Amino acid sequence: MGHCERSHILINKNFMQKHFRFFLLLFFPLIGFTQIYTPVKWSFSQKKTGDNTYEVYMKATMSGGFHIYTQNLPGDNGPIPTKFTFEKNKDVELIGKTEEPKGHEEYDPNFDMKLTSFDNEVTFTQKIKILKTTKLKGELEYMSCNSERCLPPGHENFEFVLEGIDLTPVTPGKTTTAKEEAKTTATTSALTLNLQNPPQFNNSTPNGIIDPVSWDIQGLKVSDKPLKYVMTFKATIGKGFHINANKLKSNEFVPTSFSFDSLQGLKLKGEIISLSKITEKKDPLFKEELRYHENEAIFTQEFEGELNGYIKGILEFQTCDDVKCLLAKKIPFEFSLADGIFTKVEEAKNETIVAPTSGKIFPYKHPTIDINKPLSECSIKADEIKGKGYLSIFILGFLGGLLALLTPCVFPMIPLTVSFFTKNSEGKKGLFNASLYGFFILLVYVILSLPFHLLDSIDPNILNTISTNAYLNVAFFIVFVVFAISFFGYFEITLPSSLANKADSASNLGGIIGIFFMALTLALVSFSCTGPILGSLLAGSLTSDGGAMQLTAGMSGFGLALALPFALFAAFPSWLNALPKSGGWLSKVKVVLGFIELALAVKFLSNADLVEHWGILKYELFMGLWIIIGFLLLLFMLGKLKFPHDTPYKNWTIVRGVVTLFAAASIIYLSAGFSYNKQAKSFESLSLLSGLAPPAGYSWIYPNHCPLNLNCFHSYEEGLAYAKQVKKPIMLDFTGWACVNCRKMEENVWNKPEVFKIINEEYVLISLYVDDREKLPDSLQHDFKNFQGQIKKIKTVGDKWATFQTETFVNNSQPYYALISCDEKLLVRPVGYTPVPAEFAAYLNCGLGASGK
């Protein structure tokens, strides 16, 4: 009896009792991950240890056997350490590092290494000094695990309100050297040493704190071609005081320094330059070489960049006189740049950051577009369309399951399993057990989709990011080529036999548990045939907009198709006589599936090529490869191409004739894709290949950067400027290079005359590709705090447009269409995939009505 025809009757009950916990551990975490579980609770407190000193405490309480890890873990291959990040505050000084008690070190099975962790509860302590009453804010990150699993990293924000007194100059008396004061970390704003002859100046704040230096910071455009800017930092210094130069010969004092924490649209050119006289003098007491500015100091920094941008930074300096040095002081500065003019941002507000782009300061959260207040409620029902997507993927999964039934690993199991139930159980009990067996087959495949819901809940964009990742698509290409070679008979892909044997042995438990493990055994031993089909379904679902929910729908359809025959044949045993006998035809089914896998491999390589703009698999080459695959399939069906384990054709059957005609028709149909479309001025897009083949405009012969040769923009700012010029409303098209439904809309809906005419004549089309992996210039790359409070790195063009969509429209699926006026007001509620041309035309007309046209 072959590997795929293994009998379920050979059982070892003792073996299963020994290993039953293994299977509980295998599946219980999957079920548990479908709910949000937070076994770690954080609490925060503080203790005042002096007038202006505190200890703040961050306490974690763990339950359910979970633990968290120390702040100091070895290497990067283990879990995430506990980490505390405190926001910068000029009135707060951290004393040392965050302290923690001694944890216990033991072997961690989750990471196969020795790690230090804390159980039950742990308190972390940070000592601080303050200059006056203030707030200390921050964020902590941690990972919690137990002996069986780890949860995703957790984050907590915290805030402490710290009361203190304003520190005034110390009463004269104790003499402290200038060198000691330069190195001290005391919290006083000014330490007065020997004030026998205090300097004559009037630079004090209302509360008496000495502040002898004032700064004036300005920015100016100095050149148009190329665009150059200069920022000047001018210090006015009180009589008797000086500030240190930006370059010192001694490390004992703090130099004047300038750090630029955020540069957007600009980049530094050269170093900071000092334009003022520098006095060089040896300190008579400590013999140190001093370099400093008196009365006035001017520093300049040159930049290159664009007309619009953003600068944020900190300048640090130290003020001294002949007998003392004040505590080094930090002054933040922040400027926006619009049309070459610098404007000071007076106060940093705790709001969404705006990022510069090539037209103006670009707001991800657009202030004039309110998703809840369109100018008109005229629209179409998008929820019904979303439901159709789930049904479609369910049907595709069901068809995939039917194909899997015809493979050599599954088909022979049908009569064996049905006979086992009907012979070992009489009447309705046998039917019940067979039906339960089918239900468990369905359940196994649904369980496989559950971890993807966890990923989707952590970050709604993660599945789209994964599906459009070039490296992942190349990996799919390699895997599918391997699957195809396996189907051609050159080798067999199987799971470890020990895993299948354990599940097989477990099926002898009897009752419901035994039947479940029989279903699990079928899934394991048939993997060599079902794996490639499941892989196709998984990859296809990730590239759709429905994410994990569509994956579950597809897996449910797949499992149902596999389960139905067992229940039906148990109910009607006589039907077994009508089944064809196992034989060489099953191997031929695998070969046909191998050609399908090969075609899908080309599709995934195309995804990577599109999002990365490699230009190696354009429309002509893609269609040519699919035609070659179709031609090879035709040769195989005609008996002219043979593979290992392949038996010669003895005669023509109806199925062979149908598949042969399908191969021949596919070649003819694919060849039609090379005909010329006058309207689009490119190759003819084939409706059945929408979303599978690259856009017809992605071509070497007839390149076109917009679908159907429409006039479109790929920059929101440029499109908006054009719309204002021609006074037309805007059709915002959030799309993706690897978006299947986007291509279906462009090639099956937009091309219809009633839709094409409206888009072409009445709207300004702006297509924004959210999966575009083209890197933004270094000066435009930055971190962004989204509406969920998470930090997102904006590095690519796709990051920019995806963030615009999620922040302004609170949506992350594609295609997504928003109609706005040229003064940036939402006309009607946005819609997604709308496959009926009449409905989409009605939606466009709704927008025109709202715009007054």
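This one's a predicted model, so the numbers in the text were calculated from it and none came from an experiment.

Asker: Looking at this model, I keep getting lost on the overall build of the protein. Mind explaining?
Answerer: A count of helices and strands for the protein gives 19 helices and 31 strands. In the protein, which comprises 853 residues, the share counted as buried stands at 47%. Within the protein, contacts between residues separated by at least 24 positions form 72% of all contacts whose residues are at least 6 apart in sequence. Entry remark: accessible area of the protein is about 41,300 Å², with carbon and sulfur atoms responsible for 57%.

Asker: Explain the packing of helix α17 (residues 753-762) against helix α19 (residues 837-851) to me, please; I cannot follow it from the model alone.
Answerer: A pair of packed helices is captured by two measures, namely the crossing angle of their axes and the spacing between those axes. Their axes nearest at 9 Å, the elements α17 and α19 cross at an angle of 30 degrees. Taken together, the axis directions place α17 and α19 in an arrangement best described as roughly parallel. As for how α17 packs across α19, the hand of that crossing is left-handed. Between α17, through E754, V755, I758, I759 and E762, and α19, the contact on the second element is made entirely by P837, F840, A841, L844, N845 and L848. Tallied by class, residues from the contact of α17 with α19 come to eight nonpolar, one polar and two charged.

Asker: So what exactly am I meant to see when it comes to the packing of aromatic side chains here?
Answerer: When we look at a pair of aromatic rings, we describe it by the centre distance and by the angle of the planes. By the definition in use, this model includes 45 aromatic pairs. Measuring from ring centre to ring centre gives 5.8 Å for F158 and F160, while their planes differ by 55 degrees; the resulting arrangement is tilted. Here the two residues F158 and F160 agree in accessibility, since each one is buried. The interplanar angle of 55 degrees and the centroid separation of 5.0 Å between the aromatic rings of Y676 and Y702 together place this pair among those described as tilted. Here Y676, found in strand β24 (residues 676-677), pairs with Y702, found in the loop between β25 (682-683) and β26 (712-713); they are 26 residues apart in sequence, far enough to count as distant. Counting every residue linked through ring pairs, the aromatic cluster contains W215, F233, F258, F260, F299, F303, F317 and F333.

Asker: Explain α19 here, please?
Answerer: The periodicity of an α-helix, 3.6 residues per turn, causes residues three or four places apart in sequence to face the same way. Spanning 15 residues, α19 covers 21 Å between terminal C-alpha atoms, matching the ideal 21 Å at 1.5 Å per step. Residues of α19 that are buried include every one of P837, F840, A841, Y843, L844, C846, G847 and L848, and no others. Looking at the packing, one finds that the buried side of α19 touches β27 (730-735), α16 (740-748), α17 and β31 (816-820). Of the residues one or two after α19, G852 is the one with positive phi, at around 90 degrees.

Asker: I keep staring at the pattern of salt bridges and nothing clicks. Help me out?
Answerer: Think of it this way: side chains of opposite charge can pair up when their charged atoms draw near. All chains considered together, the criterion is met by 12 salt bridges. Here E121 and K59 are joined by a salt bridge, their closest N and O atoms 3.6 Å apart. Of this pair, E121 sits in strand β8 (residues 121-130) while K59 sits in strand β2 (residues 53-62), and the two are 62 residues apart along the sequence. Take K59: its relative accessible area is 30%, and that puts it in the partly exposed class. A salt bridge links R291 to E280; the nearest nitrogen and oxygen atoms lie 3.2 Å apart. Here R291 is found in strand β17 (residues 289-294), whereas its partner E280 is found in strand β16 (residues 279-282), with 11 residues between them in sequence.

Asker: Which parts of the structure should I look at to understand the pairing of β27?
Answerer: Looking along a regular strand, one sees side chains alternate from face to face of the sheet. The buried fraction of β27 is high, at six of six residues. Here β27 shows no split at all, with I730, L732 and F734 on one side and M731, D733 and T735 on the other all buried. Direction of pairing for β27 relative to strand β28 (residues 764-769): parallel, over a ladder of six bridges. Each bridged residue has a counterpart across the sheet, and for T735 the counterpart in β28 is Y769. Here five bridges tie β27 to β31, and the two strands are oriented antiparallel to one another. Residue pairing in the sheet places D733 in a bridge with Y817 of β31.

Asker: Quick question: what am I supposed to make of the sheet that holds strand β19 (residues 319-320) here?
Answerer: Within a sheet, each strand pairs with its neighbour through backbone hydrogen bonds, oriented either parallel or antiparallel. The strand order across the open sheet built from four strands is β16-β17-β14-β19, with neighbouring strands paired in antiparallel fashion. The sheet is open, and its two edges are formed by β16 and β19, each paired on a single side. Alignment of strand β14 (residues 242-244) against β17, held across three bridges, turns out to be antiparallel. Its bridge partner being in β17, I243 is matched across the sheet by H293.

Asker: I keep staring at the packing of helix α13 (residues 619-637) against helix α14 (residues 654-671) and nothing clicks. Help me out?
Answerer: It is at 9 Å that the axes of α13 and α14 come closest, and there the two elements cross at 155 degrees. Here α14 runs roughly antiparallel to α13, going by the angle between their axes. In the packing of α13 onto α14, the handedness of the crossing is left-handed. Of the residues in α14, those in contact with M623, W626, I627, G630, F631, L633, L634 and M637 of α13 are R656, V659, T660, A663, A664, I667, L670 and S671. Considered class by class, the residues forming the contact of α13 with α14 number 12 nonpolar, three polar and one charged.

Asker: I keep staring at empty space enclosed by the protein and nothing clicks. Help me out?
Answerer: Take a probe with the size of a water molecule and roll it over the atoms, and the empty space left behind shows itself. Under the criterion given, the structure shown has five cavities of 30 Å³ or more. Space inside the largest cavity adds up to approximately 50 Å³. Together, Y619, M623, S685, L686, L689, A693, P694, P695, A696 and E747 line the largest cavity. Grouping the amino acids of the lining of the largest cavity by side-chain chemistry returns eight nonpolar, one polar and one charged.

Asker: Please explain helix α18 (residues 797-809) as it appears in this structure.
Answerer: Given a rise of 1.5 Å per residue, 13 residues ought to cover 18 Å, and the 18 Å separating the end C-alpha atoms of α18 matches this to within 8%. Across the 13 residues that make up α18, a large majority, 13, are buried. Just downstream of α18, V810 is the residue with a positive phi angle, here 50 degrees.

Asker: Is there a simple way to think about the sheet that holds strand β3 (residues 67-69) in this case?
Answerer: The strand order across the open sheet formed by four strands is β6-β7-β3-β10, and the pairing between neighbours is antiparallel. The sheet is open, and its two edges are formed by β6 (104-108) and β10 (144-145), each paired on a single side. Here five bridges tie β6 to strand β7 (residues 113-119), and the two strands are oriented antiparallel to one another. Counterpart to E106 in the pairing with β7 is L115.

Asker: Even after reading the chapter, I still don't get the pairing of strand β20 (residues 329-338), so can you show me in this structure?
Answerer: As defined by bridge partners, strand β18 (residues 296-317) adjoins β20 across nine bridges and the pair is classed as antiparallel. Among the inter-strand pairings, I311 is bridged to a residue of β20, identified as F335. Of the strand pairs in this sheet, β20 and strand β21 (residues 341-344) are connected by four bridges, and their pairing is antiparallel. Across the sheet, residue L337 finds its bridge partner in β21, namely F342. Counting the residues between successive antiparallel strands, the hairpin from β20 to β21 contains two residues, one of them, D339, with a positive phi of roughly 55 degrees.

Cut-offs applied
Residues numbered from 1 in each chain as written. Predicted model: local features only at pLDDT ≥ 70, side-chain atom pairs only at ≥ 80, totals over all residues. Heavy atoms only, no water. Helix = DSSP H or I, 4+ residues; strand = E, 2+ residues; numbered from the N terminus. Buried < 20%, exposed > 50% of the residue type's maximum accessible area, 1.4 Å probe, protein only. Contact = heavy atoms within 4.5 Å. Areas by Shrake-Rupley, 256 points an atom, 1.4 Å probe, with all protein chains shown as cover. Axes fitted to C-alpha atoms, helices over the stretch in contact; angles between N-to-C directions. Parallel < 35°, antiparallel > 145°, perpendicular 65-115°, else oblique. Left-handed = near helix turned anticlockwise from the far one by under 90°. Nonpolar A, V, L, I, M, F, W, Y, C, P; charged D, E, K, R; others polar. Phe/Tyr/Trp six-rings, centres within 6.5 Å; stacked < 30°, edge-to-face > 60°. Expected span 1.5 Å × (residues − 1). Salt bridge = Lys/Arg side-chain N within 4 Å of Asp/Glu carboxyl O. Pairing = 2+ DSSP bridges. 1 Å grid on protein atoms, 1.4 Å probe; cavity = no way out; pocket = protein on both sides within 12 Å on 5 of 7 lines; lining within 4 Å. Points joined across faces, edges and corners; volume = space filled by probe spheres on them.

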